[in-house]
Amino acid sequence: MDYSLSFKVNNKIYLRDPEGTELGKQMVKHSIDLIFQLGFEHFTFKKLAMEMNTTEATVYRYFENKHRLLLYILNWYWSYMEYLVVFQLEPVNSPKSKLEKLVELLTRELPESAGQSDYNKNYLHQIVISESSKVYLVKEVKEINQHEVFKPYKDLCERISRLIQAYDPQYLYPHSLSSTLIETSHSQLFFSMYLSKLTDCGNENKQVFVEKYLKDLLFTLLKGQK
């Protein structure tokens, strides 16, 4: 089956909607490829334009700067993750099993879907692990947040917090725990790959280790249904 998922991204992030043109869609697709290959620090609109055989000015018609482009990519990821949480947890019955499945979604590589214009999910996952904090750990975060550009991330955290509350209604910090699960899944995967002495991963498969660690953390804190 040949298809591609599309999510509505806040129009304050871009100057022209990339989803509105084939060039814009390819721009996001090539950006994911280049950021994965080069790292965000070395990624530039000039390099993106050369990769696409277009002009730098064309790229600037869609995005004000590369920070906004990264924010667009992460908004798509957060929306996609919420879609996966809804879709894959719907047939799961018990609250504990839902949380276990959630942790698996947070730590494992994203499932690939067909469709020539679809983004490379493995590259996207690695970008999220390595680069995602760079969209909000900035001096201008308060100003940026006024436009609700982090809403998909907040929506994902809200959905996870409801899963936590369903398992343990007495737990006092479901929103803090939901964001901790997401951020820790990223940081522990990153540390396991590059700074392993900051983890207890050892020779274990990195994704398996982080999954086990998060489940241990989660169910040690919560006192829900067994």
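Described in the following lines is the structure provided in the data block. (Residues numbered from 1 in each chain as written. Predicted model: local features only at pLDDT ≥ 70, side-chain atom pairs only at ≥ 80, totals over all residues. Heavy atoms only, no water.)

Moving on: helix 9 (residues 174-194). Taking 1.5 Å of rise per residue, the 21 residues of helix 9 would be expected to cover 30 Å, and the 30 Å separating its terminal C-alpha atoms lies within 8% of that figure. Looking at helix 9, one finds that the buried residues are P174, L177, S178, L181, I182, T184, S185, H186, Q188, L189 and S192. For helix 9, the secondary structure elements touched by its buried residues are helix 4 (66-89), helix 5 (95-107), helix 6 (121-131), helix 8 (151-167) and helix 10 (206-221). (Helix = DSSP H or I, 4+ residues; strand = E, 2+ residues; numbered from the N terminus. Expected span 1.5 Å × (residues − 1). Buried < 20%, exposed > 50% of the residue type's maximum accessible area, 1.4 Å probe, protein only. Contact = heavy atoms within 4.5 Å.)

Turning our attention to the environment of K154. Tracing the sequence through the fold places K154 in helix 8. Among the polar contacts listed, one links the side chain of K154 to the side chain of N145, at a separation of 2.9 Å. (Polar contact = N/O pair within 3.5 Å; in protein donor to acceptor, adjacent residues only side chain to side chain.)

A separate point is unusual backbone geometry. Of note in this structure, N53 is not a glycine but carries a positive phi near 60°. Tracing the sequence through the fold places N53 in the loop between helix 2 (45-52) and helix 3 (56-60). Residue N53 is classed as exposed on the basis of its relative accessible area of 74%. For E148, which is not a glycine, the phi torsion comes out positive at approximately 60°. Here E148 lies in the loop between helix 7 (141-145) and helix 8.

So, on to the pattern of salt bridges. By the definition in use, this model includes 10 salt bridges. Among the salt bridges present, the one from E158 reaches R162, with a minimum N-O distance of 3.5 Å. Residue E158 and its partner R162 are located together in helix 8, separated by four residues, close to a single helical turn. Looking at R162, the relative accessible area reads 41%, which means it is partly exposed. Where salt bridges share partners, they join E104, R108, E211 and K215 into one cluster. (Salt bridge = Lys/Arg side-chain N within 4 Å of Asp/Glu carboxyl O.)

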